[in-house]
Amino acid sequence: MKIRTKTAIIFLIFSLVPLTLIGAIAYQNGRTAIKQSLGVTFQQIANQTIDKVDRSLYDVYRNVKTWAELEMMEEVITGDLDGKISSLLIRLSKEYGSFSTIDTLNSDGAIIASSDPERVGQALARSHFFTEAIGGKATIEDVRYDPAARVWGITFAFPIRSKSEKEKIIGVFTATWRADELSQMTQVGQNEKGAPRLLLIRSDGLIISAHDAEREILFKRNLFEFGLKSAERAGRKEKGYLIEKDEGGNESLIGYDYSKGYRDFQGLGWGILVIKDLEAAFEPIDRLKWTLLSVELGVAFLVLTVSLFVTRTLTDPILKISQIASRVAQGDFEGKAEALSKDEIGSLTRTFNQMIDDLKKQREQLVDKNYVDSIIGNMLNSLIVIDTEGRIKRVNKATLDLLGFDDEAELIDGTVSRIFPDELFSMVTALKSSTEKGFLSNIETAYFSKSKQSIPVFFSGSVMYNQQGRVDGIICVAQDITERKKSVERLNYLASHDALTNLPNRTLFYDRLGQAISRVAWRNRFAAVLFLDLDRFKVINDTLGHAVGDLLLQVVAERLGSLLRSGDTVARLGGDEFVIILDDVAKAEDVAKVCQKILEALSMPFFLKEHELFITASIGISLFPNDGRDAETLLKNADTAMYKAKEQGRNNYQHFSPSMNVKALERLSLETNLRYALERDEFLLHFQPFVSLATGEIVGMEALIRWRHPQLGMVPPSQFIPLAEETGLIVPISEWVLKAACEQNKKWQNEGLKPIRMAVNLSARQFYEKDFQKGVISILRKTGLEPNYLELELTESIFMKNAEATIRALDELHQIGIAISIDDFGTGYSSLGYLKRFPVNKLKIDQSFVRDAVQDPEDAAITNAIVVLGRTLQLKTIAEGVETIEQLELLRSIGCDEIQGYFFSRPLPADEATKILVEKKRL
């Protein structure tokens, strides 16, 4: 191998290998960053789309359920409407154009009314949805093809119940929603170049929705046949993203999610895939790859040219000397070189000089100037050539466009510091030093435009050498990364802010609180954390919907932001929870003033979508350094103080104190034990008798729950009942009480004791549970207790919360014989107009009136008024808390019907209560 070839290869290796390695690393890192960024974005798109699908199906489900519950449905089953229901169904089908068919079926499965008159008379008794619905269960049949309507649809079926016999099912109402309505939900950014594709799939992999360009694949392709792991994972109720080959065999980035259902609607288990071809996904980084390759080729060309020139300069004289020596040896002296000296070196020098003169005349241009100009002129990235003094010698068009110059003459021979920041200028000028490596690669920096604006770029620089191997200049290449920086900043913003309110989220809150702590720590000042929770926000969501609730949260965020200083922070942790950082507080009293200002501002009405809303808030306060020296402790203590504010009646603020933590831990321990109490069989019932003042006999018992904990002993109801109400555990606990009380009463009857009424207290949450009445009837059926031996006690607040709904619910129970009494009567508020409409049997006089009725004329008057009111409305009255003979005689004198209290008997365990019933204890 010739010397010049070896030298050229060595030059290429030492110049291109590092550049290639750095370019490869940058390329792989870029692909990884894009994959992670797009993967998270695709997962978010999948989550939002599947949520939209669930909400849409829930709306259809709700509409069809409402139609099924129309009173006229019973009439069409019995044949009284003469085709009017078919007219209604046709009108509904036209108004809600998304339904292919709407049918009413009798109990035999025959269609007796339909939006398509040709369907009347068809038998659907063997249909899965009819079998489920006629059995009493509302059902949704997954996407299927309807041959009659010649469309794919989703069938919703609901039982039609008799209005007179609630448990009797007399028919089925069905509606088939066209599945092609789902197509609008997969039209995300389809007009944008390179936008991802969205596919909605059934649980067996069948594609049921896609964007317009792929409509022909709907209900035809099964993604499981293509072996897509993403489709299988979405079918298994997983979420995430991965790279795999899509159904067309192209390698793609696929994000996936699954349907979870919405509110009380159970989803169909569908999956959503967000697919983008890798070639399109990685297009930006691939452009960078070709740019890097172009730079490498340019460097290789320059290195090869220089190396060949250098080696040729060294080897050609030696070759010429060898040729002349050969010719002289052959006798051809005409080629003998002129000697300047008589020694061998002189002869060699004279020959070399002569050869150099010849070479200077014959030297050709090593690089075609037009070819180089074409490469530089067509480069997409900026290229600047500077000399060793930092003056600009050449620029390309991409540089002029990037910096906003019209002509290269504005830059040529000017100093490059006009464009470069100081630190970059220092690095570039240092390249000419022999101690430096000779190049810079992929440095993120900035150029200055003609208007002095900063333009972010990726910069690479490399030294140019002349024929003598000395530094002749520096080539600077830069890529504009403005759009990439904007994308990164947007992603960073989304990662640190709440999407609904644009407030800082938990992550940014912790960061800012840490900064605030650092700032005030050395100044002997305070930083305050306010934990704010909206009172009864769930009521607004449940009554007006989540759209109004979300709008309210946005307006609250704006109102809070307007109240604070520029250095303070408002963040949203989630739900209706906000936290506020008050930075640099001089004294603790200032925090209270801010809290009062917040409460006053939130008390002003909110006007949202034609609704006038009033809300309050509870605020907990913790101070640095008094209540904690780190962010997590301060937030936890402010949260604890907020719950104290809730306990104090809401719409107030509370400062944290160490005792709150003790109470919070005790409460948490009690709540944990309470959650296991049912399954560990730690509850039991005590029974307190009702005694008739007319006969002196026991006429009933009130079932009272007790909790016997293995370590804590008997826990008072005053401690665990409010906690059960707050956590929602009151519902299963109340169901257990009702069932246990009915079982005990039936047991007494089976033992031959005189039948009496069993009174059970109902909680508000239990009463407003869906299908509460059915639950009571089911317990009576299971225990075998006749309804007329059960009495349900409700407070006045339950009666008045939703009077019309309460009347309907109580009427249903009263009609089967269950007695209804108003507990603690007189302590709440009641409308006497409503009272006469309630199906009530008894008024229970609160013990607060009975306790002092003998000594206090006002309490005596109230007690007498309740008895008179009961007698007027033909209601029985019972006084609770009777403890003395004087109280007993007073109640007897005013005509009270029954008493309950320690005077006759305290609450007794089941065996002791059985004993007094057997003994027939009397007054």
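The sections below set out a description of the structure shown in this document. (Residues numbered from 1 in each chain as written. Predicted model: local features only at pLDDT ≥ 70, side-chain atom pairs only at ≥ 80, totals over all residues. Heavy atoms only, no water.)

1. Let's talk about the pattern of salt bridges
Scanning the model with the defined rule gives 34 salt bridges in all. With a closest N to O distance of 3.2 Å, Glu410 and Lys450 form a salt bridge. One end of the pair, Glu410, is in the loop between helix 10 (397-403) and helix 11 (422-430); the other, Lys450, is in the loop between strand 13 (439-448) and strand 14 (454-465), and 40 residues separate them in sequence. Residue Lys450 is classed as partly exposed on the basis of its relative accessible area of 38%. Taken together, the salt bridges that share partners define one network made up of Glu702, Glu793, Lys844 and Glu880. (Salt bridge = Lys/Arg side-chain N within 4 Å of Asp/Glu carboxyl O. Helix = DSSP H or I, 4+ residues; strand = E, 2+ residues; numbered from the N terminus. Buried < 20%, exposed > 50% of the residue type's maximum accessible area, 1.4 Å probe, protein only.)

2. Quick look at the pairing of strand 11 (residues 382-386)
Most of strand 11 is tucked away: 5 of the 5 residues are buried. Here strand 11 shows two buried faces, one formed by Ser382, Ile384 and Ile386 and the other by Leu383 and Val385. Alignment of strand 11 against strand 15 (residues 471-480), held across 5 bridges, turns out to be antiparallel. The residue of strand 15 that forms the bridge with Ile386 is Ile474. Pairing of strand 11 with strand 12 (residues 392-395) involves 3 bridges; the strand directions are antiparallel. Looking at the pairing, Ile384 lines up with Val395 of strand 12. Count of turn residues in the strand 11/strand 12 antiparallel hairpin: 5 residues, of which Gly390 carries a positive phi of about 85 degrees. (Pairing = 2+ DSSP bridges.)

3. Some points on the sheet that holds strand 1 (residues 99-106)
Read from one edge of the open sheet, 5 strands run 2-1-5-4-3, paired in antiparallel fashion. Looking along the sheet, the strands with just one partner apiece sit at the ends: strand 2 (111-114) and strand 3 (139-146). Neighbouring strand axes in the sheet, compared pairwise and without regard to direction, differ in orientation by 25 degrees on average. Sheet topology places strand 4 (residues 151-161) next to strand 5 (residues 169-178); 9 bridges connect them, and they run antiparallel. Bridging from a neighbouring strand, Phe158 pairs with Phe173 of strand 5. (Axes fitted to C-alpha atoms, helices over the stretch in contact; angles between N-to-C directions.)

4. Structural notes on the environment of Ser259
Structurally, Ser259 is set in the loop between strand 9 (251-258) and strand 10 (271-277). Taking the C-alpha atoms as reference, Ser259 lies 9.8 Å from Lys52; in sequence the two are 207 residues apart. Beyond its immediate chain neighbours, meaning those up to four positions away, Ser259 contacts Ile50, Asp54, Gly267, Leu268, Gly269 and Trp270. (Contact = heavy atoms within 4.5 Å.)

5. A short note on the sheet that holds strand 17 (residues 569-574)
Spatially, 5 strands are ordered 17-18-16-21-22 in an open sheet, and the strand pairing comes out mixed. Each having just a single partner strand, strand 17 and strand 22 (653-655) make up the two edges of the open sheet. Averaged over all pairs of adjacent strands, the angle between their axes in this sheet comes to 20 degrees, without regard to strand direction. Set on the sheet, helix 15 (residues 546-563) makes contact with strand 16 (526-534), strand 17 and strand 18 (577-585); between it and strand 18 the angle comes to about 10 degrees.

These values are about where atoms sit, not about what they do.
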